[in-house]
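Descriptive structure summary
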Amino acid sequence: TALFTLELSIRMGADGCGLFCGDDWTWGWLDLFIVAFSLWEVGVDILYALVWTDSSGGSWSGFSNLKAFRIIRITRLVKAVRLARIFRFVMAFRLLISSILHTLKSLFWALMLLVLIIYVFAVLFTQAVNDHLTDPDAKFDALFEKASEEYFAGLPVTMLSLFM
C-alpha cells in the first residue's frame, strides 16, 4: 500500500492534472481508486485494532474474514489490470495486432477471388483435357493419358493441381 501510494503521489506531482485528464485518464482514476480503497482498508484495520478490540471477538471476527476474501478477489483484479496496463507500453505490438485484425476482411475477399480464379481455370482445363481424351482423332501416348487422369480427372483434382 505504501509503495502504491508513493507511486501515485509521484505521478500526481509529475503529471499534475494531466494524470486524470490526459490520454490515459482511465488508468489514473483506476490507480487512484485502488490506492484509496487500499488506504481505506488500512484505516479500517487500524481503527479495528485501536477501538474495537475485545476478548470475545464479537461480530468483528466475521467482518475480518469476509474482508480477507474481498481483498483476495480485489488483488486478483488488480493483478489483471496491472498486466493489461503493460500492453500500453508496447504500442508497436498493439499497432501490429490492430493492423492484422483490420486487414482480415480484405484478406478473406482476396482469398475468395483466388479460389474463384482457380475454379474458372480448373473448369476450363478439365473440359479441355476430357474433350481431348474423348476425341477419336487425337493421338496421345500412355504417359499423357496417365498424367491427364492423375491431374485433370475431375474438378476437385484439377483445382488441387492448379493450386499446387
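Residues numbered from 1 in each chain as written. Predicted model: local features only at pLDDT ≥ 70, side-chain atom pairs only at ≥ 80, totals over all residues. Heavy atoms only, no water.

1. Remarks on the overall build of the chain
On a plain count of helices and strands, the chain comes out with seven helices and zero strands. In the chain, the succession of α and β elements from N to C terminus is α-α-α-α-α-α-α. Relative to its 164 residues, the chain shows a buried fraction of 15%. Taking the intrachain contacts of the chain between residues at least 6 apart in sequence as the baseline, contacts between residues at least 24 apart amount to 58%. Total accessible area computed for the chain in this model is approximately 12600 Å², and 73% of it derives from carbon and sulfur atoms. (Helix = DSSP H or I, 4+ residues; strand = E, 2+ residues; numbered from the N terminus. Buried < 20%, exposed > 50% of the residue type's maximum accessible area, 1.4 Å probe, protein only. Contact = heavy atoms within 4.5 Å. Areas by Shrake-Rupley, 256 points an atom, 1.4 Å probe, with all protein chains shown as cover.)

2. Notes on the packing of helix α6 (residues 142-152) against helix α7 (residues 155-163)
Interaxial distance between α6 and α7 falls to 7 Å at its minimum, and their mutual angle equals 95 degrees. The orientation of α6 relative to α7 falls into the category roughly perpendicular. Listed contacts from α7 to Glu-150, Tyr-151 and Phe-152 of α6 are Val-157, Thr-158 and Ser-161. Its residues placed into classes, the contact of α6 with α7 shows three nonpolar, two polar and one charged. (Axes fitted to C-alpha atoms, helices over the stretch in contact; angles between N-to-C directions. Parallel < 35°, antiparallel > 145°, perpendicular 65-115°, else oblique. Nonpolar A, V, L, I, M, F, W, Y, C, P; charged D, E, K, R; others polar.)

3. Topic: helix α3 (residues 25-50)
End to end, α3 covers 37 Å across 26 residues, agreeing with the expected 38 Å (1.5 Å per residue, within 8%). Taken together, the buried positions of α3 are Trp-27, Gly-28, Asp-31, Ile-34, Val-35, Ser-38, Glu-41 and Val-44. (Expected span 1.5 Å × (residues − 1).)

4. Focus: the packing of aromatic side chains
All told, the structure shown has three aromatic pairs when counted by the stated rule. Centre to centre, the rings of Phe-121 and Phe-125 are 6.3 Å apart; their planes meet at 50 degrees, and the pair counts as tilted. Placement of the pair is Phe-121 and Phe-125 together in helix α5 (residues 91-134), with a separation of four residues, close to one helical turn. For Phe-121, a relative accessible area of 42% gives the class partly exposed. Given a relative accessible area of 38%, Phe-125 falls into the partly exposed group. Centroid distance Phe-125 to Phe-152: 6.3 Å. Interplanar angle 75 degrees. Geometry classified as edge-to-face. In this pair, Phe-125 is assigned in helix α5 and Phe-152 in helix α6, connecting sequence segments 27 residues apart. Following the ring pairs from residue to residue traces out a cluster consisting of Phe-121, Phe-125 and Phe-152. (Phe/Tyr/Trp six-rings, centres within 6.5 Å; stacked < 30°, edge-to-face > 60°.)

5. Quick notes on the side chain of Ser-148
The topology assignment puts Ser-148 in helix α6. Its relative accessible area of 3% is what places Ser-148 among the buried residues.

6. Quick look at the packing of helix α1 (residues 2-15) against α3
Two elements in contact, α1 and α3, have axes separated by 10 Å at closest approach and are oriented at 140 degrees. Here α1 lies oblique to α3, going by the angle between them. At the point where α1 passes α3, the crossing takes the left-handed sense. Along the contact surface, α1 presents Phe-4, Thr-5, Leu-8 and Arg-11, while α3 presents Asp-31, Leu-32, Val-35 and Leu-39. When its residues are assigned to classes, the contact of α1 with α3 shows five nonpolar, one polar and two charged. (Left-handed = near helix turned anticlockwise from the far one by under 90°.)

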